[in-house]
Every structure is written in structure tokens, then in C-alpha cells.
Amino acid sequence: MLSRVASNLYWMSRYVERAENTARVLDVAWRMSLLAKEPRLQDQEWFAPLNITGTLFPFSGRHNIVCAREVLHFMALDPENPSSIYTCARQARENARSVRGSITSEMWEVLNATWLEMQQMDEEKMESRGISAFFDWVKERSHLFRGVTFGTMHRDDAYEFTRLGTHMERADSTARILDVKYHILLPSVKDVGGAVDYYQWSAVLRSVAAFEAYRKVYRDVITPLKLAELLILRDDIPRSLRFCLRQVHDTLGHVQNAQSGETLRRAGQMLSQLQYGRISEIFSAGLHEYLTDFLDSSQQLSTQIQRSFFASAVVE
Amino acid sequence: MSQSQSQSRSPSPSLYNEMYDGERNVRAHYDAFCTWLAETPSDRIAQNRHAADLLFHRVGITFAVYGEASGTERLIPFDIVPHVIPGDQWELLSRGLKQRVQALNRFLHDIYHGQEIVKAGKIPAEQVQHNAQFRREMVGVDVPGGVYAHVAGVDLVRHSDGEYYVLEDNLRTPSGVSYMLENRKMMMRLFPELFANQRIRPVDHYPDLLLETLRGVAQRGADNPVIVLLTPGHYNSAYFEHAFLAQQMGIELVEGADLFVANNTVFMRTTQGPQKVDVIYRRIDDDFLDPLAFRPDSMLGVPGLLSAYRAGRVTLANAIGTGVADDKSMYPYVPEMIRFYLGEEPLLNNVPTYLLRDPADRAYVLEHLQELVVKEAQGSGGYGMLVGPTSTREERERYRQRILDAPERFIAQPTLSLSMVPTFVGDALGDRHVDLRPYVLTGSDIAMVPGGLTRVALREGSLVVNSSQGGGVKDTWVAD
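Basis of the calculations
Residue indices begin from 1 for each chain and proceed along its sequence in written order. Think of it this way: whatever chain is written first is A, whatever ligand is written first is 1, and the rest follow in order. Per-residue local features are limited, in this predicted model, to residues with pLDDT of at least 70; the limit for side-chain atom pairs, both in listing and counting, is 80 or more; totals at the level of whole chains, interfaces and linings are taken over all residues. To obtain each axis, a line is fitted to C-alpha atoms, and for helices this fit is confined to the stretch in contact; angles are then taken between N-to-C directions over 0 to 180 degrees. Going along the chain from the N terminus, every DSSP run of H or I of four or more residues is numbered as a helix, and every run of E of two or more is numbered as a strand. Any angle that falls under 35 degrees is termed roughly parallel, while one over 145 is termed roughly antiparallel, one within 65 to 115 roughly perpendicular, and all others oblique. Residue pairs are scored as contacts if the distance between their C-beta atoms, which are placed from the backbone, is within 7 Å. For this scheme, ten residues count as nonpolar: Ala, Val, Leu, Ile, Met, Phe, Trp, Tyr, Cys and Pro. Four count as charged, namely Asp, Glu, Lys and Arg, and the remainder, Gly too, count as polar. The burial criterion counts other C-beta atoms lying within 10 Å of a residue's C-beta, which is placed from the backbone; the residue is buried at 20 or more, exposed at 12 or fewer, and partly exposed between these limits. Strand pairing follows a simple DSSP-based rule, namely that at least 2 bridges must link the two strands. Each helix crossing is assigned a hand: it is left-handed if the near helix lies turned anticlockwise from the far helix by less than a right angle, otherwise right-handed if that turn is clockwise. pLDDT is defined as a per-residue confidence score from the predictor, taking values between 0 and 100.

A.B. asks: Would you take a moment to explain the packing of helix H6 (residues 105-119) of chain A against helix H2 (residues 42-59) of chain B for this structure?
C.D. replies: Geometry of a packed helix pair, given as the angle between the helix axes and the separation of the axes. With their axes 8 Å apart at the nearest point, H6 of chain A and H2 of chain B run at an angle of 110° to one another. As the angle between them shows, H6 of chain A and H2 of chain B are arranged roughly perpendicular. Residues Glu109, Asn112, Ala113 and Leu116 of chain A of H6 of chain A pack against His57, Arg58 and Val59 of chain B of H2 of chain B. Residues belonging to the contact of H6 of chain A with H2 of chain B are distributed by class as follows: three nonpolar, two polar and two charged.

A.B. asks: Could you clarify how one ought to interpret the interface of chain B and chain A in this entry?
C.D. replies: When the parts of a complex come together, some accessible area is lost, and that lost area is often used as the size of the interface. Contact residues are listed per partner, giving 20 residues for chain B and 22 residues for chain A. Only H2, helix H9 (239-249), strand S7 (252-254) and strand S9 (265-270) of chain B provide two or more residues apiece to the side of chain B that touches chain A.

A.B. asks: Would you take a moment to explain unusual backbone geometry for this structure?
C.D. replies: Excluding glycine, a negative phi dihedral is what most residues carry, and trans is how most peptide bonds are arranged. For the bond running from Ala317 of chain B to Asn318 of chain B, omega is -5°, close enough to zero to count as cis. Of note in the backbone geometry, Arg219 of chain A takes a positive phi value of approximately 45° without being a glycine. Relative to the helices and strands, Arg219 of chain A resides in the loop between helix H12 (211-218) and helix H13 (224-232). We classify Arg219 of chain A as exposed; it has 7 C-beta atoms within 10 Å. Even without being glycine, Asn263 of chain B reaches a positive phi, approximately 50°. Among the structural elements, Asn263 of chain B can be located in the loop between strand S8 (259-262) and S9.

A.B. asks: Got a minute to help me understand the pairing of strand S5 (residues 164-170) of chain B in this structure?
C.D. replies: Residue and element names in this part refer to chain B. Where burial is concerned, most of S5 is hidden: six out of the seven residues are buried. For strand S4 (residues 151-158) and S5, the ladder comprises six bridges, and the chain directions are antiparallel. Paired with Gly153 across the strands is Asn170, a residue of S5. Between S4 and S5, which pair antiparallel one after the other, the connecting turn spans five residues, and Gly162 there sits at a positive phi close to 85°. Bridge count between S5 and strand S13 (residues 349-350): two bridges; the pairing is parallel. Within S13, the position partnered with Tyr165 by the bridge is Asn349.

A.B. asks: Would you mind showing me how to read the packing of helix H15 (residues 261-276) of chain A against helix H17 (residues 287-310) of chain A here?
C.D. replies: Residue and element names in this part refer to chain A. Close contact between H15 and H17 brings their axes to 9 Å; oriented N to C, the two are set at 160°. Considered as vectors, H15 and H17 are oriented roughly antiparallel to each other. Seen along the crossing, H15 lies across H17 with a hand that is left-handed. Side by side, H15 and H17 meet where Glu262, Thr263, Arg266, Ala267 and Met270 of the first sit next to Ser297, Gln300, Leu301, Gln304, Ile305 and Ser308 of the second. The class makeup of the residues in the contact of H15 with H17 is four nonpolar, five polar and two charged.

A.B. asks: Teacher, can you tell me more about the environment of Ala317 of chain B here?
C.D. replies: Residues and elements named next belong to chain B. Looking at where Ala317 falls in the secondary structure, it is placed in strand S12 (residues 315-317). Spatially, the C-alpha atom of Ala317 lies 14 Å from that of Gly153, the residues being 164 residues apart in sequence. The contacts of Ala317, once residues within four sequence positions are left out, are His150, Val151, Leu214, Val217, Val279 and Tyr281.

A.B. asks: I keep staring at the environment of Leu225 of chain A and nothing clicks. Help me out?
C.D. replies: Secondary-structure assignment places Leu225 of chain A in helix H13. Sequence separation of Leu225 of chain A and Phe283 of chain A is 58 residues, and the distance between their C-alpha atoms is 7.6 Å.

A.B. asks: I'm lost on the confidence of the model for chain A in this one. Help?
C.D. replies: In this model, chain A carries a mean pLDDT of 87, and residues with pLDDT of at least 70 account for 89%. Within chain A, the lowest mean pLDDT, 66, falls on helix H10 (residues 180-183) of chain A, and the highest, 97, falls on helix H14 (residues 241-255) of chain A.

A.B. asks: Help me understand the sheet that holds strand S15 (residues 372-376) of chain B, please; the structure alone is not making it clear to me.
C.D. replies: By definition, the strands of a sheet pair up through backbone hydrogen bonds, in either a parallel or an antiparallel sense. Residue and element names in this part refer to chain B. With antiparallel pairing, four strands are arranged side by side in an open sheet as S14-S17-S15-S16. The sheet terminates laterally at strand S14 (354-355) and strand S16 (386-387), the two strands that pair on one side only. With two bridges connecting them, S14 and strand S17 (residues 410-414) associate as antiparallel partners. When the sheet's bridge partners are listed, Tyr354 is paired in S17 with Ala412.

Written as C-alpha cells, this is what we have:
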């Protein structure tokens, strides 16, 4: 298939996935902010969404204080923020628009209708509809897009590149969400294992829709070690790093060409580390360090994908 | 979309109404529709008209408007009252259209080869030589099957005498066919009962016919030819149509940067490396096709394309240089072409046309500016024409000066009164002027779907049906 089209499909699904993950992170931050707590902790968790998405810097360039309303607006609706939900919806639709011939009309309609509705959205509407309802809507649109893709798309290379984008973005975002605990420091040692700690860990789980899965797998209280194992090393959790990397590796195997050997090798290397890794080793080396490394490798893999498949294309 | 016009102010009884005869009785071919309209509750109709708008928006059937903020997308207003043509009338029309396009293709081949028609004295030599659309690069080039205009859109209007007239031939990159298909889909979705009650000939196999046409003109040796649709990109006003057709035909939608030429062969850049391309259905004007040969500033084209084309390594549809045949100053000679190449009498009427480079014609036209329509021979989109009867004295004076400055750039025609079809205006019906663009496909065979794009001027009394100037569209039914 056309390199440019492959690139557009890859970014189309990355943006959809990014919008969903941003909504998940914001939703959790929002729910946590509703919990009763000491006043000095108020707004503390609003740093997390900014940290996770790597937008603290652009945000603080334009806002002095971190408070709920500002962050919500910046992350959800700000057209100037390159990773806001608004921008993702626009980018997903723009990418889809340039490859309308390669996606099904159902896929196009989902993205187009989402964008049309998104344009009608403002702070007032978001609040009157209910903040959580807004995030649910974003998640639903993303679910719908994936479902329609799964249900209507011809299983050709176009499908593979669409899937590739989804799993590359999801791996990236799960790693960032897991790293959040590094960014939200607990106020003091005595809080560890306390109610705040519990809520924070369960919030992480909920943000990747893995709360029920955790209960089912471990039938145990939430501990950082198990939680990290679930989201990094399990092969049966659709948002775990291992699961995503296996999908990426499979996909790259299907679309490989004369120049993509190195790309496949890198993905394979990342996958085997996840397949044969142990959570205790990851923790003894440091979870944050591990995740930072992972994000680096994933960034390099993405560059490698661009080079071997989209090189001659105009990248959006 | 290019233009179509003509005029006559107040709706007079002499205007032809497609639905009603002179006594305001419903014509037979509109019987079924009118009965349905009378029996259908008006709130259901209003509701469905609203639903149509929403659906068109959701599907993204929009067009970009030049000159407005970039990225502006608008809907073309869709009217639910169809333009109905009786089957037997359509047979006559389609024979006339095929005849016309066949002659135009023969003319294009001739004009780039022996120019027999000029030698025979049927068309003045300067008419060809001085035509900016005449492409010297095409002289002596043989195109597969001798077909130049693979896709032709012929604009027709019905005058108050009840006769159809050809307003213009569009042989370059005619657009609008996606609206024909989507309008039908919309009508069947909203009012399925209309299609159950009467036999309306289907049009939705158009993409199949088009694909068949394109496959039929691949160079010999390509038994499973790779066909692509070349678009200027998603800022183009017709991008929706390009994407739609590519998808319906299952071919790649490519932009200039997706293609390159090596060893006089055209390739597209794919994730599996370069792939040879055999046929390009291009929706880019000649001038932008190849920056090495035409406009060097074109970012849309493919360097080296012309050379590969001339070497017969790739087929372009439509061919380069078709503009010389659909130019408004060549239009008056089409009946002569039909007689010359086919030895037949033209089945469709031409509008009498004055060429302003001719001193006698010019003198007449300048005397009668108020009764005539004057257009630029190269113009399109309904821009820059003078509609005599509705013009002000000042406009006429300004136009007179433009004509005197460069008379060869203009032609003039009597004002035709376009026929009317009742159209929803608010919640009531009003008579509005329409034209019709059927599409003629020429490959190894010549084919048409029964119907075309009906455009309607939504402003009362207006004759400008162009979408860029507030025109709308209707479904077109050939009913038996």
C-alpha cells in the first residue's frame, strides 16, 4: 500500500487511542479530586495528567497555577495544546480524511461525527453534561471506532497499520500512566499503605480499565508489585506492555519489507524482555528507571517504523 | 463544477416546467411522485429533509469553497423533489450524448494527427493554432484506443420550446458524479416506498462502469493493470468525490508525491517498495500534471510524467490536451464534427453561438448586449459572465470595453430559459430552474448510467446553478 496512506492510518489510530487515554487519565484525576482530603493536597493530583502526557511544560508556559478547571480545559478542549482531546479528535479526522479511500465509510463516519460533535463542545457544555459523562463519551467514541474497524475493515495492510498505531500508542500510554506514582509523591511515609495510597493505585488500575482484571487474577489487595506485573508482564491484559508489544511485533511481521528487518528485530527484543522479565528484577532496578527506558525504546521503535515504512511519504 | 446559465426574469407561462404542462396539470411521468407527495404527511417530509442534511454532514459530503477561510467545508443543499425524465426521452438523449462524445474523441485524435477537419475547411486553422488549450506536446502521440475524453460531462438544459440544448461539453476533469450517486442513495434511504412503487433505473453501477472503462484503456501487455486516482489533495473542492470514487472502485487514491517516474515508467511509493502504475485517472488539470513540462511551480504533479506518457508507458484519463475540444469557442463546431467524422446528423441541439473574434458577429453582439449572454471562452464556474437581460447599463459598458480589448476571448449566446422543477423553499414548493449533467464513459466501449447530476438554482428566478454560487442538487430519475 501507499507509504503516505500507511503513515496516515498509523497516526489516525494513534490519535484516537491518545484521545481515549487522555480521557482516562483525566477522568481518574477528576474522580480523585472529589475525594475528601487535606486542603494542602487539593489540586495535587492535577499535576499527574500533565506529567503523564508530557505537557506540564507547555501548560506552565501559559498558566500560573495548576487547578482543576485549568487543567481540564487545557487537556480536553484547548485547540492550542497539541495533545488535547480536541486536537487528537481533529488530527484523527484529518488523517482519516486524507485516506478516505483506504478506510471503510463506517470508520470515516465515526471519526467525522466525533469531530463535528467535538467542535460543538465548550467548557460550559462539558460541565452541564457532567465532566465524567464527557470522558465516557470520548471513551465510547474510541471503543466505537475500534469496534467498527474490527468489524468492517478488510484484513489487508491498511488494517495492519491501523492496528500498529493503536498498540504503539497504547504501550506508550500505559507506561506513562504506570509512572504516575513516581510523579504523585505521597506527602509522608505514614501514608504509604493508607487510604490515599490505596485510592491512587486503584485509580491507576481503573484508568487502564484493569481494576476488575486485577481482582480476578490476584484475588488480593492492590500492591504496587502485582499491579506493575499485571500492567507490564501479563500477556492477557489488553493494555499491558507485553500484550501491546506482542501485537506490534505480530503486525510488523505481517507488513515486513526489504528494509524493515531492524525494526522487527527491535520490536522482538522489546517483546522478549517482557516475556522473560521478572517483576522483582524490575523493581530492584527501579520502576521509574525501567519505564523511562521503555519509553525511550518505544520512541526509537516508532522512529524506526517511520523510517522503514513511511520514509518517502509526507508525514503529517 | 463549471457553469451553466441563461436567463429570463419573471416565471412566465412560456417557461418549460418539468412537472406541469401548460395548464398546470401534472405530467404523466410525475404522477406517481405527486400522488405520493399529496399522501405523505408534511411533518414526515420536513423531518426527512432535516435528516438528509444531518446525514450528508455525517458522511462528510461537503465541498470546499475557494476564497473562503481555508478548510471551509459546505454542504451542497439537497432538494427531495426529483428531476424525472421519461424513459423514452432518455433513450433519445443518451443516443445523442454518445454520438456527440464519440465525435469529440474523433476530433481530438484528428487534431493531434492529420487535422483532416481543418484541411477539409470545416474548422478555421487559427481556431486550432491560437487555442491556448491546444497541446503541442500531444501532436503525433497515439493514445490507447484513440480515446481522449474517457469521462465526459455534458451540460444540458431544456428551453421553453421543450427541446434539450447542449450548453457545454466538459472533457477535462468533469466533477459532480459523486453527488449523483449520493443523492440517489439518500432518496432510497429516506423514501424507499417511492422506489417500490415505480421503476426508476438504477445508477449505482457507475463506479463499475468507470473501472471497466479505465481497465479498457491500459497499454497492451498489462493484463491486470494497476489503476490509481490522482488527486490534488484534500484541500481541493472535489476531494470528497476523488476519495469516494477511489474507494468505490477499490483503487489507490494518490497525490503527486506518491508517484515518481524512473526509466520512463510511473511508480507509486508503497510500504513494499515501488509499484508500477498503468492507468492514472487524474483529477488534476493539464497545467499541474508535470512540473518539468508544464507549470514548474506545481507541487501537485509528477516530474517526468509527460515523458512516460508520450512514450506510451502509462495511460492518462482523460488524456492531455482535451481542452481544445470543450473550449467555448470550439463549441459551435461540434455539429460539424459529428457530420464530418460520423457522417450523421447531430441528435442534440447546439445553442447558436457568436464568436466575437468574427467582426460581423461582434458587431451584432455589441448591438444586442442586453438580450444576450456573453461568456469568456475559457471561463468556468459561472464566474465572469454577462447576463444581458438582468445586467445594468454600467455592467454592460464595462463588459463592452473588455470585449473590445480582447474579442477572441469571448463568445455570446441568446439567453435560454432553463426549465423548472418544483423545489422546496422553506416548507412550500416553488418553481426553480435546473440543468442536467449526464456522464459519458468511453473506453473499449461507450457507456452511460441512466441519469446524471441535476443542479438547481435555489434563488427565485436565478439561472446560475453552480454549487459555488448557491446552487443545490436533486436526484435525477429516469422512470419507465
